[in-house]
Amino acid sequence: MESEGQKPDQALEAVRERADKFQSIFENSTMGIFQSTLDGRFLMVNPAFAGILGYNSPEDLIDSIEDIESQFYLHTERRAEILSAIEAKEGISRFDSELRRKDGSIITCSLSIRAVRGANGTITHLDGFIEDVTKATQWKKEIQDRSENLAKENIRLKALFKDRYRLGKIIGKSHVMQEVYEFILQAAGTDTSVIVYGESGTGKELVARAIHDLGRRRNKEFVPVNCGAVPQHLLESEFFGHKKGAYTGANADAHGYLDRADGGTLFLDEVGELSLDMQVKLLRAIDGGNYSPLGDSRPRKSDFRLIAATNRNLKDMVKSGKMREDFFFRIDIVPIDLPPLRDRREDIPLLIDHFLRELTGTDNPPVLPGKILEALFTYEYPGNVREMQNILQRYLAIKRLDFIGRFDLEDVPHESDHVEQGTSLQARVALYEKTSIEKCLALHHWHRGRTATALGIDRKTLYAKMKAYGLSSP
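Residues numbered from 1 in each chain as written. Predicted model: local features only at pLDDT ≥ 70, side-chain atom pairs only at ≥ 80, totals over all residues. Heavy atoms only, no water.

Visitor: Please provide a residue-by-residue account of the environment of Asp303, values included.
Guide: With respect to the helices and strands, the residue Asp303 is situated in the loop between strand E12 (300-301) and strand E13 (305-310). Using a relative accessible area of 42% as the deciding quantity, one classes Asp303 as partly exposed. In sequence terms Asp303 and Thr265 are 38 residues apart; their C-alpha atoms lie 8.9 Å from each other. Those residues in contact with Asp303, other than ones at most four positions away along the chain, are Arg217, Ala261, Asp262, Gly263 and Gly264. Within polar-contact distance, the side chain of Asp303 engages the side chain of Arg217 at 2.9 Å. (Helix = DSSP H or I, 4+ residues; strand = E, 2+ residues; numbered from the N terminus. Buried < 20%, exposed > 50% of the residue type's maximum accessible area, 1.4 Å probe, protein only. Contact = heavy atoms within 4.5 Å. Polar contact = N/O pair within 3.5 Å; in protein donor to acceptor, adjacent residues only side chain to side chain.)

See the structure below:
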C-alpha cells in the first residue's frame, strides 16, 4: 500500500525541478553570484559575476584566480577585514571594495556576503552577491565635490560681502534689500537661469551685473541686450550673428550676442518684448547652446549663463498668448523681486549720500537743506532709483527740486528756470523735448510702449530720441 506522501520517483522529479529553477536563476541573474573558500579560491560563480570582472566565462575566472586576496582585491588587506567582520556576525554583511578586473582596470563593487557554517559552527565556505557600483560611486563623489565647491563659493561670496549696506553698485540696508542680497549671493554660486522682476528704475541690470561679477564667469564678458530696443527685422542677426552676404547690407561676417557671451553672461533686459518667433529660436539656443548664424548652415555652440529682467507680468503674458509657456519656464527658474524705492524708504538717506558723492566727485558732498531732504524723503519716486539720481543731478545744476513724476505735458518749466539767455532756438526746443520725454517716461514707469502712445509717436522714434538725449533705461 502506497504512503500518503509522494512516490520516490515523484519526489525526485520535484527535487530536480527545484534544482533546475535555482540553476536557471543562478545562470540568468544579472547580479553576480559567487561561492568561495576561506583560503581564497572561488568554488562557483555565475556568468554575470564573470562578466562584471571582465572574464569570458565562469570557468575562465575560476581557473585564472588562484588567490582571491592578491588577484581579486585592489588592497590585499581588504579581504582580511571582510572575513573578520563576517566571522563576528550572523547573516549577510555588505561591503564596498575596489576590485581588479581581468584587464587590470579597477572597479568599485558592492559585496553582500554571508558565512555558511557546518553543524559544529565552523565556517565551511562563503556565499555572496556582487554589484558594480563604479558609476554610482563616481556620481556620488561628483555630487559631494559640487556641494563642497558650492559651500566654498558661498563662503567666498559672504567674505566679499562685508558691507551690509551695499553689494556691488547696489545700495540699501532695508530688510527687503538684505533679502535681495541673499538671493544674489545664492544665484552667483550657481549657473542657473535667473530673472529679475521690478519696476523701471529699480536697478535690475545692477542685480544682473552683481550676479555675474560674483560668479565663476566673472572673468568673461557680461553682454546686456535691451530686447525692446532691437528692431524686429534685426533680432536674429543681432543675437546669432551673420555671414557676409546673408542679406542686403551684410558686407562682412558679424558676431552676435551669443558669440560674445560664450563663457560669460547674456543679460536679456525687457525680455517681455521678444516676439514669439524669437522666443522659439532663443529657446533652442538656451536648451542646447546650439545656433546657426544667418547665412551659415554650420551650427555653433555658446556656453552662456542666462539672466533676464522685466517690469511686466510674464504669467499674464503666457495666459494671453504673448509669451510661450516653455520659454517662460526656461527663464523663470530663479526669480528675484526687486522692490520699488517707495517700499524701502529707509534706504533713501544712503542713496542720497551715494549719489551726491558720485555726482560731485568728492567725499564731502554739499549738505542739503532740511526742506529739500524732507521733500526727497516723502516723494513717491515713480521712476525709482534712477529718478532720484536724475532729481539730484538737476538739483545740483539749477538748485531747485523738479519732481518729474508729477507730470503734465502742459506744465513745462519756464525757460528762465532752465535755459540761459542767448541760447539758440534749436537748443531751447531740444531741452523742451528732452524734458517732456523724460517726464512722460517717469510718469509711465519708463515703459516705452505707454510713453510712446502718450506722446503720440512710435516706439522706434521714442528710442531714437532717448538715445540722442542720453535718456538710458533704468
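Visitor: An account of the pairing of strand E2 (residues 42-45) is requested, with residue identities and associated values reported.
Guide: Judged from the three bridges that link them, strand E1 (residues 32-36) and E2 form a sheet pairing that is antiparallel. Bridge assignment links Gln35 to a residue of E2, and that residue is Met44. As consecutive antiparallel partners, E1 and E2 are separated by five residues, and within that stretch Gly40 has a phi angle of approximately 105°, a positive value. (Pairing = 2+ DSSP bridges.)

Visitor: I'd like to hear about unusual backbone geometry, residue by residue, with values.
Guide: Look at Glu270: it is not a glycine, yet its phi comes out positive at around 55°. Checked against the element boundaries, Glu270 lands in the loop between strand E10 (265-269) and helix H11 (276-288). When its relative accessible area of 14% is taken as the criterion, Glu270 is described as buried. Even without a glycine there, the phi angle at Asn384 is positive, about 60°. Tracing the backbone shows Asn384 in helix H16 (residues 384-398).

Visitor: Account for the nonpolar core, with residues named and values stated.
Guide: Judged by nonpolar contacts, the single largest core of 31 residues is most densely connected at Phe239, Leu266 and Leu268. Excluding residues within four positions of it along the chain, Leu266 makes contact with Val223, Val225, Tyr257, Leu258, Ala261, Phe304, Arg305, Leu306 and Ile307. Counting residues in hydrophobic clusters, the runner-up holds 27 residues, among them Ile62, Tyr73, Leu99 and Ile107. (Core = buried A, V, L, I, M, F, W, Y, C linked by side-chain atoms within 4.5 Å.)

Visitor: With reference to specific residues and values, describe the sheet that holds strand E14 (residues 334-337).
Guide: In space, the five strands of this open sheet follow the order E9-E10-E13-E8-E14, with parallel pairing throughout. A strand with exactly one partner marks an edge of an open sheet, and here the two such strands are strand E9 (222-226) and E14. The mean angle between the axes of side-by-side strands here comes to 20°, regardless of whether they run parallel or antiparallel. Two strands pair when backbone bridges link them, and E9 and E10 are joined in this way by five bridges, in the parallel orientation. Among the inter-strand pairings, Val223 is bridged to a residue of E10, identified as Leu266. Each of strand E8 (194-197), E9, E10, E13 and E14 touches helix H8 (residues 204-214); the most contacted strand, E9, lies at about 160° to it. (Axes fitted to C-alpha atoms, helices over the stretch in contact; angles between N-to-C directions.)

Visitor: How would you summarise the environment of Gly383 if you had to cite specific residues and measurements?
Guide: Tracing the backbone shows Gly383 in the loop between helix H15 (370-378) and H16. When the C-alpha atoms of Gly383 and Leu443 are compared, they prove to be 7.4 Å apart, with 60 residues separating the residues in sequence. Leave out the neighbours within four places in its chain, and Gly383 touches Ser200, Gly201, Ala442 and Trp446.

Visitor: Would you mind going over the packing of aromatic side chains in detail, with residue names and values included?
Guide: The tally for this structure, following the rule as stated, stands at twelve aromatic pairs. Plain terms: the ring middles of Phe49 and Phe72 are 6.0 Å apart, the flat faces sit at 15° to each other, and that makes the pair stacked. Of the two residues, Phe49 is situated in helix H2 (residues 47-52) and Phe72 in the loop between helix H4 (68-71) and helix H5 (77-87); the sequence distance between them amounts to 23 residues. Judged by relative accessible area, which is 0%, Phe49 ranks as buried. Members of the aromatic cluster, connected to one another through ring pairs, are Phe34, Phe42, Phe49, Phe72 and Tyr73. (Phe/Tyr/Trp six-rings, centres within 6.5 Å; stacked < 30°, edge-to-face > 60°.)

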